[in-house]
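# Commentary on secondary and tertiary structure
The chain contents come next:
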Amino acid sequence: MTERINQNSSNNLMDVSSEDLNKIILVTGGAGFIGSNFIRYLMGKYPKYKIINFDKLTYAGNLNNLSSVEENPNYVFVKGDVADNRDVKNVFEEFNPNYIIHFAAESHVDRSILNPDIFLKTNVLGTQILLNHAKENNVNKFVQISTDEVYGSIEKPISCLEDSKIAPNNPYAASKAAADLFVRVAHQTYGQVVNIIRCCNNCGSFQFPEKLIPVIIGNALNNKEIPVYGDGKNIRDWIHVDDHCKAIDLVLHNGKSGEIYNVGADNEWQNVKLVEFILDELNASKNLIKFVEDRKGHDLRYSVDSSKIKKELGWKTSIDFDDGLKQTINWYKSHLDWIEEIHSGEYLNYYDKIYKDRSVETS
Ligand code: NAD
Ligand code: DAU
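A brief report on the enclosed structure follows. In this text, all values refer to a predicted model and were calculated from it rather than measured experimentally. (Residues numbered from 1 in each chain as written. Chains lettered and ligands numbered in written order. Predicted model: local features only at pLDDT ≥ 70, side-chain atom pairs only at ≥ 80, totals over all residues. Heavy atoms only, no water.)

### Quick notes on the site of ligand 1
The full set close to ligand 1 counts 28 residues, and Ile34, Asp55, Ser107, Tyr172 and Lys176 are the nearest of them. At 2.8 Å from an oxygen atom of ligand 1 is found a main-chain nitrogen or oxygen belonging to isoleucine 34. Here a nitrogen atom of ligand 1 and a side-chain polar atom of aspartate 81 are 2.8 Å apart. When ligand 1 sits alone it has 840 Å² of accessible area, and the protein chains cover 96% of it. Contributing elements (two or more residues each) for the shell around ligand 1: α2 (33-45), β6 (141-147), α6 (171-190) and β8 (201-203). Here the residues of the shell around ligand 1 sort into 13 nonpolar, 11 polar and 4 charged. (Near = heavy atom within 4 Å. Polar contact = N/O pair within 3.5 Å; in protein donor to acceptor, adjacent residues only side chain to side chain. Areas by Shrake-Rupley, 256 points an atom, 1.4 Å probe, with all protein chains shown as cover. Helix = DSSP H or I, 4+ residues; strand = E, 2+ residues; numbered from the N terminus. Nonpolar A, V, L, I, M, F, W, Y, C, P; charged D, E, K, R; others polar.)

### Details of a negative patch on the surface
A contiguous patch of negative charge on the surface is contributed by Asp231, Glu293, Asp294, Asp352 and Asp357. When its relative accessible area of 47% is taken as the criterion, aspartate 231 is described as partly exposed. (Patch = residues over 30% accessible without salt bridge, like charges linked within 9 Å, V, L, I, M, F, W, Y side chains within 5 Å. Salt bridge = Lys/Arg side-chain N within 4 Å of Asp/Glu carboxyl O. Lys, Arg positive; Asp, Glu negative; His and termini not counted. Charge placed at Lys NZ, Arg CZ, Asp CG, Glu CD. Buried < 20%, exposed > 50% of the residue type's maximum accessible area, 1.4 Å probe, protein only.)

### Let's talk about helix α13 (residues 347-355)
Owing to its 3.6 residues per turn, the α-helix aligns residues three or four sequence positions apart on the same side. Burial in α13 covers these residues: Tyr347, Tyr350, Tyr351, Ile354 and Tyr355. End-on view of α13: buried residues confined to an arc of 100°, all on one side of the axis. Facing away from the buried side of α13 by over 90 degrees, the exposed positions are Leu348, Asn349 and Lys353. (Arc of directions from axis to C-beta.)

In structure tokens form, the structure reads like this:
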């Protein structure tokens with residue numbers, strides 16, 4: 001059942017008069033890492049837009065991430081599940097959004113290996129339910145926040161183009177790839193206006209400490225071992241979350257309907273090198289690194305070619321990654337209470353489940 005928590009007046013949300021004022025944007029998953037960064041970004045840049053943050057508040061959703069905007073009359077939070085038709089119907093009936101930016105997802109690969117079913121439900125069924133309501137309500141555009149993981153592991157020096165083969169290797173990636181196909185079908189079959197954005201690994205503030213960078217920082221600050229999967233030579237391309245937000249902004253406003261846009265930073269790091277860099281920044285000992293049993297189906301490398309979004313929409317990264325990473329480290333250092341609150345909840349069970357049985361291979 002939907003529940004409106006920050007009860008700004010829905011009448012305010014309908015009080016619109018010009019093209020710009022007319023944007024009522026349903027942001028799903030806005031209480032998570034990228035969604036909350038995006039809402040702050042969008043509200044800073046377009047103060048007249050009305051934002052409805054629709055989020056189930058799973059373990060990864062945290063309304064504290066949005067404390068800086070919660071009093072803004074153009075922002076409202078609605079608690080609801082994208083995979084529940086009634087919840088989605090209710091939010092459409094109440095707010096009549098004309099744009100959807102769909103972040104809501106189960107987003108962590110390790111969790112998907114433990115329990116794929118919820119990934120299928122939220123990421124695939126949830127996307128289709130939103131698409132159904134977008135069609136019924138003649139939504140102007142649906143933007144699907146996808147991932148570079150849908151292309152699977154890519155050998156050096158290849159980078160995937162938007163029409164490269166989809167070859168996911170873990171349940172999370174498979175669910176995102178399936179969702180992308182349903183978004184494609186919404187365009188091909190029903191003529192819905194859609195875009196898909198496939199971005200690389202994001203770094204920034206408010207990232208839940210199950211993902212590599214906040215695990216490294218949180219553990220190092222607590223003088224705890226840092227689990228590095230396999231030999232640590234897997235490669236990820238890292239982007240600052242604000243550069244991803246800029247790409248979403250450009251696609252929302254100028255993306256050509258039906259198009260997919262890759263977003264990569266050409267900033268590849270071996271995992272172990274990234275861990276060492278962060279430990280150096282924190283003046284922490286490299287002895288904290290523990291090589292542990294590898295992730296099942298662990299993709300060696302992701303890489304996307306972003307020429308299309310650069311050429312068509314003029315996007316480029318604007319944050320130097322080392323600076324962005326240092327800022328991120330400082331953010332976690334100055335938000336120890338934010339990490340602590342998470343560390344003291346359900347997180348402990350999760351951490352045990354993921355790491356306890358991983359045998360240490362070397363140290
Ligand atoms: P996150 O796990 O931090 O946040 C996910 C949010 O979705 C949470 O607020 C959660 O409560 C909400 N949610 C989960 N299930 C829901 C449901 N059934 N109904 C409504 N809300 C629900 O995720 P994130 O890292 O911010 O990723 C956001 C999106 O970006 C995802 O679609 C992910 O696939 C994609 N993506 C992430 C990255 C990355 O590096 N983190 C990179 C590329 C793409
Ligand atoms: O590429 C985009 C994807 O990036 C997003 O679609 C996903 O939502 C997001 O979770 C992320 O997936 P990854 O699996 O790449 O991210 P993660 O932070 O989980 O892991 C990054 C790398 O670090 C990966 O090679 C696994 C490794 N790793 C991760 C953790 C959590 C470790 O070695 N140790 C760890 O404890």
